[in-house]
Amino acid sequence: MILTLKPPATKKDVDAICKKIKELGFAPHLSKGKDVTVIGVIGQNAILRRDVFEAMDSVAFITPISKPYKIVSREFKKENTVIKIGDIKIGGHNIVVAAGPCSVETKELLFEIAKKVKISGASMIRGGAFKPRTSPYAFQGLGERGLKYLAEVSRVMEMPVITEAMNVNQVSLVARYADIVQIGARNMQNFDLLKEAGRTKKPVLLKRGLSATIEEFLMAAEYVMSQGNYNVILCERGIRTFETSTRFTLDLSAVPVIKKLSHLPVFVDPSHGLGVREYIPAMSKAAIACGADGLIIEVHPHPEKALSDGPQSLLPEQFDKMMNELKAVARAVGREI
Ligand code: PEP
Ligand code: MN
């Protein structure tokens, strides 16, 4: 349930309520809006204790949260969450584009790609150091060496980095080098990993599982947020359907649906969703048109030699052309890149 406090809510009021919530065995989650302060009382059957809070003077009114996901829901927080990384605001007016290779291969190549995508308008760099591959014989990533390259390129190029942590032990390591910790599609329901990601101080980009419903996706985000990390970006990256013309089916309907159900920023990853270079520009435009807050795009100057996902990687010049087209689409929907 949500407790809406009587304005002006003082620190003393907030502390007293949070103390009570903890005494009852629930978790308090505070959200200070422009005009109102609300506190979520999160835990099983919390609503059954509503009388305790009704009796408190500082509580204006109580609203039950009807959805199974609580802190993630729009019912908990009306305004969009905006995540700040340096000067970049994720979930605000501007659309944020992260671009880079599927896997970090060499430092030189990473620098080359970062320079090119930055000129084209990307503000963040992506690249995997720990790679979730279908085949155990495929390139598995450079590991910590890859993270070091990412951190160096990030520092020199002044571009924040998104990179994946595949297991619980990798979360703090990845968080040391990266600005955003990615949880991959195949790990969307790795609950221990989600909880560990919830304990890091870095924002988390959570990708939708290959066959996860939107509700399951939002419940996965709830796992992260339940641990106190409210900086979660949701990423639609394609789901499994009967269709085989593309690698997955990019479910763009998820964007407006999630925007309605949740206050969290939504990204789209057309590279993994389509798996085919040729279709990436069309679906990137569509993603922006339907309300995405950001895109993740794979770019490689020699896709035929890429150690992973060459067929879906755009050439830098294709990325550049696409970015120009995206700017026009962003303007048409009242946003900017
Ligand atoms: C990736 O972004 O590198 C990746 C492996 O994506 P996904 O988890 O969506 O397949
Ligand atoms: Mn990839």
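Here, the structure is the one placed above.
Here the structure is a predicted model, which means the values were calculated and not measured.

Criteria and thresholds
Residues numbered from 1 in each chain as written. Chains lettered and ligands numbered in written order. Predicted model: local features only at pLDDT ≥ 70, side-chain atom pairs only at ≥ 80, totals over all residues. Heavy atoms only, no water. Near = heavy atom within 4 Å. Polar contact = N/O pair within 3.5 Å; in protein donor to acceptor, adjacent residues only side chain to side chain. Areas by Shrake-Rupley, 256 points an atom, 1.4 Å probe, with all protein chains shown as cover. Donors = N, O, S within 2.8 Å, 3.2 Å for Na, K, Ca; no water. Helix = DSSP H or I, 4+ residues; strand = E, 2+ residues; numbered from the N terminus. Buried < 20%, exposed > 50% of the residue type's maximum accessible area, 1.4 Å probe, protein only. Salt bridge = Lys/Arg side-chain N within 4 Å of Asp/Glu carboxyl O.

Novice: How should I be thinking about the site of ligand 1 in this particular structure?
Specialist: Surveying the vicinity of ligand 1 reveals the residues R126, K131, P132, E164, Q182, G184, A185, R186, K207, R237 and H272. K131 places a polar side-chain atom, nitrogen or oxygen, 2.9 Å from an oxygen atom of ligand 1. In the environment of ligand 1, an oxygen atom lies 2.8 Å from a nitrogen or oxygen atom belonging to the side chain of R186. Expressed as a share of its isolated accessible area of 290 Å², the protein-covered part of ligand 1 is 96%.

Novice: Teacher, can you tell me more about the coordination of the manganese ion (ligand 2) here?
Specialist: Ideal geometry at a metal centre: 109.5 degrees between donors when four sit tetrahedrally, and 90 or 180 degrees when six sit octahedrally. Only C102 (SG), H272 (NE2), E298 (OE) and D309 (OD) from the protein coordinate the manganese ion (ligand 2), and they sit 2.0 to 2.3 Å from it. Counting residues between consecutive donors of the manganese ion (ligand 2) along the chain gives the motif C-x169-H-x25-E-x10-D. Of this pair, C102 sits in the loop between β7 (96-100) and α3 (107-120) while H272 sits in helix α9 (residues 270-274), and the two are 170 residues apart along the sequence. Each member of the pair C102 and H272 is classed as buried.

Novice: I'm lost on the pattern of salt bridges in this one. Help?
Specialist: Note that side chains of opposite charge can pair when their charged atoms are close. Per the stated rule, a full pass over the model turns up 17 salt bridges. Measuring nitrogen to oxygen at the nearest pair gives 3.5 Å for the salt bridge that ties E23 to K19. In this pair, E23 and K19 are both assigned in helix α1 (residues 11-23), four residues apart and thus about one turn of the helix distant. Taken individually, E23 and K19 each receive the classification exposed, so the pair is uniform in this respect. Here R126 ties to E298 by a salt bridge, and the two come within 3.5 Å at their closest N and O atoms. With R126 in strand β8 (residues 124-126) and E298 in strand β14 (residues 294-298), this residue pair connects regions lying 172 residues apart in the sequence. Comparing R126 with E298, the two get one shared label, buried. A network of salt bridges, in which partner residues are shared, links K19, K20 and E23.

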